[in-house]
Amino acid sequence: MAMLAQLMDDVVVHKFELTDSGVTMGRHPGNDIVIDDSAVSSNHAALVVEENEYFPEYKEFYLEDKGSTNGCFINDIRTEGKQRVHHNDVIRLAWNKFKFIDDKEADMEKTVHMLNKTL
C-alpha cells in the first residue's frame, strides 16, 4: 500500500492512503488532500498513478505540478511537469512536506538487490 505521511519538523502528523485513482492536493476544499496554507495554490498538485510497464501488479506514482505559484519539489529539487516519485522521497508543496511511502516498491527494490548480488 502506498501513502503520503505529512511531516511537521520531521514528525508525521497525518497519513493519507493513496488509491489507484491518485490524489489531488491544494488549498481548495475540493482536493483530496486539503492544505490550509496561503503559500499553497488552490489546485497545487496531483499524484498520478500508472501501471508499471513490465509488472502490472506494481503501480508507479508521479507528482504533477498543476501550475502552482510556489512549486513542487521532490527531495528539494524543483519539478517540471510530471516526475516519478519513489519510496522514501520527500515531496514539498511550498513549505509543506510529505514523505512518500510505497511498501510494494520497497519490496521490489530488495528483490532486485538480491538478484544483482547472485548474478
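Now for a look at the structure at hand. Bear in mind that the values here come from a model prediction, so they are computed numbers and not experimental data. (Residues numbered from 1 in each chain as written. Predicted model: local features only at pLDDT ≥ 70, side-chain atom pairs only at ≥ 80, totals over all residues. Heavy atoms only, no water.)

## Some words on the overall build of the chain
Here comes step 1: In terms of helices and strands, the chain carries one helix and eleven strands.
Here comes step 2: Listing the helices and strands of the chain from first to last along the sequence gives β-β-β-β-β-β-β-β-β-β-β-α.
Here comes step 3: Residues classed as buried in the chain amount to 40% of the 119 residues present.
Here comes step 4: For the chain, contacts bridging at least 24 residues in sequence account for 32% of all contacts bridging at least 6.
Here comes step 5: Counting only carbon and sulfur atoms, one obtains 51% of the accessible surface of the chain, whose full area is about 7,400 Å². (Helix = DSSP H or I, 4+ residues; strand = E, 2+ residues; numbered from the N terminus. Buried < 20%, exposed > 50% of the residue type's maximum accessible area, 1.4 Å probe, protein only. Contact = heavy atoms within 4.5 Å. Areas by Shrake-Rupley, 256 points an atom, 1.4 Å probe, with all protein chains shown as cover.)

## Focus: the nonpolar core
Here comes step 1: One finds Leu4, Met25, Leu47, Leu63 and Ile91 to be the most contacted residues of the largest nonpolar core, which totals 22 residues.
Here comes step 2: For this core, the elements supplying multiple residues, two or more each, are strand E1 (2–8), strand E3 (23–26), strand E5 (45–51), strand E6 (59–65), strand E7 (72–74), strand E10 (90–93) and strand E11 (96–102).
Here comes step 3: The element contributing the most residues to this core is E5, with three residues.
Here comes step 4: With residues near it in sequence (within four places) discarded, Leu63 still touches Met25, Ala45, Ala46, Leu47, Cys72, Phe73, Ile74, Gly81, Lys82, Gln83, Val85 and Ile91. (Core = buried A, V, L, I, M, F, W, Y, C linked by side-chain atoms within 4.5 Å.)

## Concerning unusual backbone geometry
Here comes step 1: A positive phi is found at Asp10, a non-glycine position, where the angle reads about 60°.
Here comes step 2: In this model, Ala94 sits at a positive phi of 55°, which is unusual for a non-glycine residue.
Here comes step 3: Summarising the element assignment, Ala94 is placed in the loop between E10 and E11.

## Details of the environment of His44
Here comes step 1: Structurally, His44 can be placed in the loop between strand E4 (33–34) and E5.
Here comes step 2: In this structure His44 touches Met25, Gly26, Ala39, Glu64, Asp65, Lys66, Gly67, Ser68, Gly71, Cys72, Leu93 and Ala94, once residues within four positions along its chain are discounted.
Here comes step 3: A distance of 2.8 Å separates a polar atom in the side chain of His44 from the backbone oxygen of Gly71. (Polar contact = N/O pair within 3.5 Å; in protein donor to acceptor, adjacent residues only side chain to side chain.)

## A look at the side chain of Asn96
Here comes step 1: The topology assignment puts Asn96 in strand E11.
Here comes step 2: Within the structure, the side chain of Asn96 is placed 2.9 Å from the side chain of Asp37, a separation counted as a polar contact.

## Quick notes on the pattern of salt bridges
Pairs can form between side chains of opposite charge once their charged atoms are near each other.
Here comes step 1: For the structure shown, the criterion picks out five salt bridges.
Here comes step 2: The partner of Asp76 in a salt bridge is Arg92, and the shortest N-O contact between them spans 3.3 Å. Here the residue Asp76 occupies a position in the loop between E7 and strand E8 (77–78), and Arg92 occupies one in strand E10, the gap between them amounting to 16 residues.
Here comes step 3: Looking at Arg92, the relative accessible area reads 10%, which means it is buried. (Salt bridge = Lys/Arg side-chain N within 4 Å of Asp/Glu carboxyl O.)

## Examining the sheet that holds strand E2 (residues 11–17)
Strand pairing within a sheet occurs via backbone hydrogen bonds; the two strands may be parallel or antiparallel.
Here comes step 1: Read from one edge to the other, the open sheet built from six strands follows the order E2-E1-E11-E10-E7-E8, with strand pairing classed as antiparallel. The open sheet has two edge strands, E2 and E8, and neither has a second partner.
Here comes step 2: Sheet analysis places E1 next to E11, joined by six bridges and oriented antiparallel. Looking at the pairing, Leu4 lines up with Phe100 of E11. (Pairing = 2+ DSSP bridges.)

Take it as geometry only, folks, not as evidence of what the structure does.
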